[in-house]
Amino acid sequence: MIVTLTVHPSLDRTVALATGLRAGEVQQAVAVREDAGGKGVNVARAVVAAGVTTLAVVPLNPHDPYAELLRQTGVPTRTTAVSGRARANIALTDPTGTTTKINLPGARLTIADRRAVIADTVAASRGARWLVLAGSVPPGVGDDFYADVIDAVRDAPGAPLIAVDTSGAALAAVVERGRPDLIKPNDDELAELVGGPTALDADDPVAEVVRLGADLVPAAVGAALVTLGSRGAVLVTAEGAWHAAPPPTRAVSTVGAGDSSLAGYLLAAVTGAGPADRLEHAVRYGAAAVSLPGTQIPTPADLPAGEVRATALVAERHNPAGVAP
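Residues numbered from 1 in each chain as written. Predicted model: local features only at pLDDT ≥ 70, side-chain atom pairs only at ≥ 80, totals over all residues. Heavy atoms only, no water.

## Some remarks on the overall build of the chain
Keep this limit in mind: Labels follow the DSSP assignment, with helices taken as runs of H or I lasting at least four residues and strands as runs of E lasting at least two, numbered in each case from the N terminus. Within these notes, the globule rule equals 2.2 Å times the number of residues to the 0.38 power, and the radius of gyration is based on C-alpha atoms. Only protein chains enter the accessibility calculation, which uses a 1.4 Å probe; a residue is then buried when its area is under 20% of its type maximum, exposed when over 50%, and partly exposed in between. Residue contacts are defined here by distance: any two heavy atoms, one from each residue, within 4.5 Å place the two residues in contact. Exposure was quantified through the Shrake-Rupley algorithm and a 1.4 Å probe, taking into account, for residues, occlusion by the shown protein chains and nothing else. In this tally, Lys and Arg are treated as positive and Asp and Glu as negative; His is ignored, and so are the chain termini. Charge positions come from single atoms, namely NZ of Lys, CZ of Arg, CG of Asp or CD of Glu.
A count of helical and extended segments in the chain gives 9 helices and 14 strands. Since a compact globule built from 325 residues should have a radius of gyration of about 20 Å, the 19 Å found for the chain is in line with a globular shape. On the principal axes, the C-alpha backbone points of the chain span a range of 50 × 50 × 40 Å. Going through the 325 residues of the chain one by one, you find that 52% of them count as buried. Taking the intrachain contacts of the chain between residues at least 6 apart in sequence as the baseline, contacts between residues at least 24 apart amount to 66%. For the chain, the exposed area adds up to about 13400 Å²; of that, 52% sits on carbon and sulfur atoms. Charge separation in the chain, taken as the distance between the mean sites of 26 positive and 33 negative side-chain charges, equals 5 Å.

## Concerning the nonpolar core
The test is simple: Joining through side-chain atoms within 4.5 Å is the link that ties buried Ala, Val, Leu, Ile, Met, Phe, Trp, Tyr and Cys residues into a set, and such a set is a nonpolar core.
In this structure, Leu5, Val7, Leu133, Phe145, Tyr146, Ile183 and Leu216 are the most contacted members of the largest nonpolar core, which totals 46 residues. Within the second largest apolar cluster, 28 residues are counted, among which are Val47, Ala244, Leu262 and Ala269.

## Topic: the pairing of strand β8 (residues 130-134)
What counts is decided by this rule: Any two strands with at least two DSSP bridges between them are considered paired. By convention, a crossover is right-handed whenever its connection, traced from the first strand over the helix to the second and viewed with the strands pointing away, goes clockwise.
The element β8 is extensively covered by neighbouring structure, given that 5 of its 5 residues are classed as buried. Along β8, one buried face is formed by Trp130, Val132 and Ala134 and the opposite face, lined by Leu131 and Leu133, is buried too. Two strands pair when backbone bridges link them, and β8 and strand β9 (residues 161-165) are joined in this way by 5 bridges, in the parallel orientation. Paired with Leu131 across the bridge in β9 is Ile162. For the handedness criterion, the β-α-β arrangement of β8, helix α4 (residues 145-155) and β9 is classed as right-handed.

## Examining the environment of Gly158
Counting through the fold element by element, Gly158 comes out in the loop between α4 and β9. Sequence separation of Gly158 and Arg33 is 125 residues, and the distance between their C-alpha atoms is 39 Å. With near-sequence residues (within four places) excluded, Gly158 lies in contact with Ser125, Arg126 and Gly127.

## Description of the sheet that holds strand β7 (residues 99-103)
Whenever strands of a sheet pair, they do so through backbone hydrogen bonds, lying parallel or antiparallel. Put simply, the rule reads: Orientation is described by lines fitted to C-alpha atoms, with helices fitted over the stretch in contact, and by angles between N-to-C directions that extend from 0 to 180 degrees.
Taken together, the 4 strands give an open sheet; going across it, the order is β3-β2-β6-β7, and neighbouring strands pair in mixed fashion. The sheet terminates laterally at β3 (29-37) and β7, the two strands that pair on one side only. Each adjacent strand pair in this sheet contributes to an overall mean axis angle of 15°, direction not counted. Here strand β6 (residues 87-93) runs beside β7; their pairing, made up of 5 bridges, is antiparallel. Within the sheet, the bridge partner assigned to Asn89 lies in β7 and is Asn103.

## Digging into the packing of helix α6 (residues 187-194) against helix α7 (residues 205-216)
How two helices pack is summed up by the angle between their axes together with the distance between the axes. This is how the line gets drawn: Orientation labels follow simple angle bins: below 35 degrees gives roughly parallel, above 145 gives roughly antiparallel, 65 to 115 gives roughly perpendicular, and whatever is left gives oblique. Crossings are sorted by hand: turned counterclockwise from the far helix by less than a right angle, the near helix makes the crossing left-handed, and turned clockwise it makes it right-handed. Three residue categories are used. Nonpolar comprises Ala, Val, Leu, Ile, Met, Phe, Trp, Tyr, Cys and Pro, charged comprises Asp, Glu, Lys and Arg, and polar comprises the others, including Gly.
It is at 11 Å that the axes of α6 and α7 come closest, and there the two elements cross at 50°. In terms of their interaxial angle, α6 and α7 are classed as oblique. Of the two possible hands of crossing, α6 and α7 adopt the one that is left-handed. Across the interface between the two elements, Leu190, Leu193 and Val194 from α6 touch Val209, Leu212 and Leu216 from α7. The residue makeup of the contact of α6 with α7, split by class, is 6 nonpolar, no polar and no charged.

## Some details on helix α8 (residues 257-269)
Quick note on the threshold: Here the expected span of a helix is defined as 1.5 Å times the quantity of residues minus one.
Here α8 is 13 residues long and its end C-alpha atoms lie 18 Å apart, about the 18 Å a rise of 1.5 Å per residue gives. In terms of burial, α8 is largely enclosed, as 13 of its 13 residues are buried.

## Points about the packing of helix α3 (residues 111-125) against α4
Here α3 crosses α4 at 45°, and the two axes come no closer than 9 Å. The angle between α3 and α4 places the two elements in the oblique class. Where α3 crosses over α4, the handedness of that crossing is right-handed. For the pair formed by α3 and α4, the contact residues are Arg114, Val117, Ile118, Thr121, Val122 and Ser125 on the first element and Phe145, Asp148, Val149, Ala152 and Val153 on the second. Taken together, the residues of the contact of α3 with α4 break down into 7 nonpolar, 2 polar and 2 charged.

## Brief notes about the pattern of salt bridges
What counts here: The salt bridge criterion pairs a side-chain nitrogen of Lys or Arg with a carboxyl oxygen of Asp or Glu, the two atoms within 4 Å.
Per the counting criterion, the structure on display carries 16 salt bridges. Here Glu68 and Arg71 are joined by a salt bridge, their closest N and O atoms 2.5 Å apart. Note that Glu68 and Arg71 are positioned in helix α2 (residues 66-72) at a spacing of 3 residues, about one turn of the helix. Where Asp148 meets Arg177, a salt bridge forms, and the shortest distance between an N and an O atom there is 2.9 Å.

## A few points about the pairing of strand β12 (residues 233-237)
For β12, a buried count of 5 out of 5 residues is recorded, marking the element as mostly surrounded by other parts of the structure. Side chains Ala233, Leu235 and Thr237 of β12 all project onto a buried face; the interleaved residues Val234 and Val236 project onto the opposite face, where all are buried too. The sheet contact formed by strand β11 (residues 223-227) and β12 spans 5 bridges and is antiparallel. Across the sheet, Val226 pairs through a bridge with Val234, a residue of β12. In terms of strand pairing, β12 meets strand β13 (residues 241-244) through 4 bridges, oriented antiparallel. Bridge pairing links Val236 to Ala241 in β13. The turn linking β12 back onto β13 is made up of 3 residues.

Structural measurements only, silent on function.
Printed below as a string of structure tokens:
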């Protein structure tokens, strides 16, 4: 089973525009859709669609309209009762696939809420193969929240492997304290983590990601899956590094693409696939998500037919200042 925790869920509202966004002007939308979002929920939706057992842990006010959208996904859930409502995230997309996102702040969780969410996550994770900690953290829980979740889960019997998909101070705290089995940053998140320019600004972005990833793996994390948008993704493990590019894809919306990539990786991992196959599956899922509107999560039938092949790379380790050994 793959368990996910979405501590900062969101009602994702995607607005499709007929033309590019024109700041300061009035534009008519051509379509709109609403989805129960949040990175962990998105991963769980992909896992369910692939026929693999999952459970999504979500702090939720039972009277929140988000609860009905979540029920409609068909994802099995374990909810922790809290006050307030899930935030709303707004994505504006145009025919070229360009996406502008506006993420609103969520409800503040209390200290009691924090403890309850951690306890429910520990209980849900017993016997699971993977636990996914995904998304930003809401006001009130602190930047070290995911690190505390990892400590609590690993103190309990039957602890799963742990994947983390977050950013900023929350990701830095996880890498410093939590030592997760997998992190899934994008290019910008990786740059912020190591304190340097984005790899896409380098002469050879893939080689730069491999270099940065090798300084984290295995010193601070078990593996790093770094998504690079149209350039595909790079996987760095203790055994080596690989890069895979997506097949030609018509971009409709990039919302949820990174979440889908992580889901694809985990779906391959639970079958016992090796690192190259896990990366190829991740890139297929990411490409499929980009081709779908809104926060529409791909099913196996949506995966592209074009070839995706992982290429082995050389990972040189430098352990720069600022990265904990």
